[in-house]
Structure formats: C-alpha cells, structure tokens
Amino acid sequence: MTIPQYVKIVEVGPRDGLQNEKAMVPADVKVALVNQLTDAGFVNIESASFVSPKWVPQMADGAEVMARITRRPGTLYSVLTPNMKGFEAAVAAGADEVVIFGAASEAFSQKNINCSIAESIARFEPVAAAAKEAGVRLRGSISCSLGCPYQGEVPVSAVVDVVRRMRELGCDEIDIADTIGVGTPTRVQEVMRAVSAEFAIDRLSGHFHDTYGQALSNILASLEVGIAIFHASVAGLGGCPYAKGATGNVATEDVLYMLHGMGLHTGIDLEAVVRTGDFISQAIGRPNSSRVGKALLTKWATAAEAGAATCV
Ligand code: HMG
Ligand code: MG
C-alpha cells in the first residue's frame, strides 16, 4: 500500500476542542477561531454542536457561531447532530455537513447519548434521510473504536458492525474515533483494515485523542494502510465530557509538521495554524498542548529578540 500523497485534515478544535471547557468561551472567540482556521486553508472545520444544552452547555451558542463566521467557498463547516431537533437547527444554521455520532461500545453510547447502539441508529435514521433529502453531507462518527472508558476492550467486530449500519444510513464519510487515546499502531491497523473491507477507504477517517501519546504513531500506522483523512485540534485542545481524563485530539500543528516533513500535501499553512493555536490558548487561558506550536513560537520569539538586539 502506498501512502496517500494528499491528506485531508478535518479541524475539530472549535467543537471537540472547546466542548469540554467549563467556563463559557465567548461566541466572539469561537467565531475568530473558525475564521482564522478558514484563513489557514482547512477544507473542513467542525464548528459547532447542536446537542442538548443541558448535556453540553459550552456548545449552546452554535447557531450564533454559525451565523457569524465568514465562510470560504470550498470549506465545509460541519456540526454534530444527535437527533432531528439538532438536524433542524443545523440546517437552519447553514451547516454543510451534519455528523451523527454513535459508539462501538454500549456503555459509552448510554453515557454519551443516553441510548443503546441500536436505539441510536434508529434515532439517526430520520436524520440521515433528511440530510439526503436536503442535500447536506452526512458523516458518521464511531466513538470508542479502540477502547472504552467504561467497558474496556472493544472487539473489532463491534466497530465493523457500526460501520455497516452507518454505511446503510448513507454516510458519506465515517470516523473511526479513539475517544480515550488508548489505541496502539498494530491494533489501529487491524481496525482500519477490517472497516475498509466494509466502507471505501478514501472516505474513512482517523480521529485520535492523544491521552496516551499514541496519536501521531496511530496516524502514521493508518497512513500505511491507506487512510487519508485525519481529525486534529489546534493547540491539542479538548476532551469529551463523557470520557473523563481523556485529553484533547492530537494537535493539528504536530500532525501538519509530520505530514509536511514526510513530503505529503495538506493545503494548510502550518505557521498560520501555530499563530491560531497561540491565539486560542491565550483566549481561554490554557497552556498550548502542541509541541510543534510551542517549539515554533519559542523559535520565532528568540529570533525576534535577536533581531531587536542587533538593531540596538
Ligand atoms: P435525552 O435527555 O435522552 O433526550 O438526551 P431528550 O430527547 O429527552 O431531550 C432532553 C432535553 O434536551 C429536552 O429539553 C430536549 O428538548 C433537549 P427539555 O424538554 O428538558 O427542556 N434536546 C435538545 N436541545 C437542543 N438540541 C438538541 C436537543 N435534543 C434534545 N439536538 C441527547 C439525548 C442525544 C439529546 C443528549 O444525550 C445529548 O445532547 N448528548 C450530546 C452529548 C455530546 O455532545 N457529547 C460530546 C460529543 S461526542 C464526542 O465528543 C465524541 C467524538 O469527538 C468522537 C470521539 O472522540 O469519540 C465525536
Ligand atoms: Mg473526539
């Protein structure tokens, strides 16, 4: 298998990155974040969630964020929609893609969306049908594909089963998500190979949280078996409110540095993403979790100081 030369990065910072923040992040900051990411060249930005505000209060202002962002033609602005209420709000907000999110683990499904896997698929059916009817792109996300915080091991067959059901719903793209970052490369390849027997490999993505520091290795392992779409979060923001202790997604800056260093193409301006990572970390008062972000910001600051010293 040759490694894909073009890799699509789905930036999930504005949604997955911010959803777990306790203090409300002002809509102004969310809008500025999406706009900066747009300018950096992303073709897909997960920008908001239309979920119950009682479950995830941080995402309650999704309609305002979607109304105020500056959209670039060619960039898809995606949102999470667990049910028809979410879907209707998403369409009213002009979402280009809706994301139905299920799990390969029964226990996580109950904790995250308050229903069994089978019930979740039944709930997604009208959402999927309505998305097709409205011509809105449909993505399916499968949490706990590499392990579950409640149930532990998740069999590969359980992931394959949900992929089949999401394929039958008509998903255009399916995310294999390592919600708690426990996967390691060999297992990741096993899962990716198994699911790609059921769903077109060029429409499968890897969504890796970096809790155990495995995410970059898992991306490389996925590339080796032909996966060409990855999710990442600027400055490594985030976590899932229903997966305690899980840290953010792999930092976008780190993924871009690795891919560009390998000579692969993303169409994204790494330096612009590093500046955006600095902006959002300062705006929400969090340390920047991107190693590449921190390294480049230090390098630029040192060079600027040296330049200033030379001018004296
Ligand atoms: P429920 O309580 O079983 O549903 O929640 P319900 O239908 O009984 O509704 C309860 C209340 O929520 C009602 O309001 C509804 O109107 C309202 P009330 O009558 O009590 O005032 N409601 C809504 N409000 C706004 N938008 C909606 C909506 N739906 C219901 N769409 C439900 C079921 C699915 C709604 C709930 O469990 C929920 O919203 N869960 C979302 C959890 C979530 O967002 N988790 C994080 C995202 S997933 C993730 O991060 C994983 C991912 O990154 C991949 C990975 O890493 O694994 C994608
Ligand atoms: Mg996630």
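Here's what I pulled together on the structure shown here.

The rules behind these values
- Residues numbered from 1 in each chain as written.
- Chains lettered and ligands numbered in written order.
- Predicted model: local features only at pLDDT ≥ 70, side-chain atom pairs only at ≥ 80, totals over all residues.
- Heavy atoms only, no water.
- Salt bridge = Lys/Arg side-chain N within 4 Å of Asp/Glu carboxyl O.
- Buried < 20%, exposed > 50% of the residue type's maximum accessible area, 1.4 Å probe, protein only.
- Helix = DSSP H or I, 4+ residues; strand = E, 2+ residues; numbered from the N terminus.
- Pairing = 2+ DSSP bridges.
- Right-handed = clockwise from strand over helix to strand, strands pointing away.
- Axes fitted to C-alpha atoms, helices over the stretch in contact; angles between N-to-C directions.
- Parallel < 35°, antiparallel > 145°, perpendicular 65-115°, else oblique.
- Left-handed = near helix turned anticlockwise from the far one by under 90°.
- Contact = heavy atoms within 4.5 Å.
- Nonpolar A, V, L, I, M, F, W, Y, C, P; charged D, E, K, R; others polar.
- Donors = N, O, S within 2.8 Å, 3.2 Å for Na, K, Ca; no water.

## Section: the pattern of salt bridges
- Applying the stated rule across the entire model yields 18 salt bridges.
- Here the salt bridges share partners, and the residues they tie into one network are K8, R15, D16, E46, E97, R137, R139, E173 and D175.

## Section: the pairing of strand β7 (residues 204-208)
- Counting buried positions along β7 yields five of five residues, so the element is predominantly enclosed.
- Here strand β6 (residues 173-178) runs beside β7; their pairing, made up of five bridges, is parallel. Across the sheet, I174 pairs through a bridge with L204, a residue of β7.
- Following the backbone out of β6, through helix α8 (residues 185-196) and into the adjacent parallel β7, one traces a crossover that is right-handed.
- With three bridges joining them, β7 and strand β8 (residues 229-232) adopt parallel strand pairing. For H207, the partnering residue across the bridge sits in β8 and is H231.
- The β-α-β motif built from β7, the intervening helix α9 (residues 215-224) and the parallel element β8 has right-handed crossover chirality.

## So, the packing of helix α10 (residues 252-261) against helix α11 (residues 270-284)
- In contact at an axis separation of 9 Å, α10 and α11 are set at 165° when each is read in the N-to-C sense. Taken together, the axes of α10 and α11 lie roughly antiparallel to each other. The hand of the α10/α11 crossing is left-handed. Two secondary-structure elements touch here, α10 through T252, E253, L256, Y257 and H260 and α11 through L270, V273, V274 and G277.
- Each residue belonging to the contact of α10 with α11 can be placed in one class, and the counts come to five nonpolar, three polar and one charged.

## Some details on the coordination of the magnesium ion (ligand 2)
- Within the protein, D16 (OD), H207 (NE2) and H209 (NE2) serve as the donor atoms for the magnesium ion (ligand 2), at 2.1 to 2.3 Å.
- Read in sequence order, the donor residues coordinating the magnesium ion (ligand 2) give the pattern D-x190-H-x1-H.
- You can call H207 buried: its relative accessible area is 5%.
- Here H209 falls in the buried class, since its relative accessible area comes to 3%.

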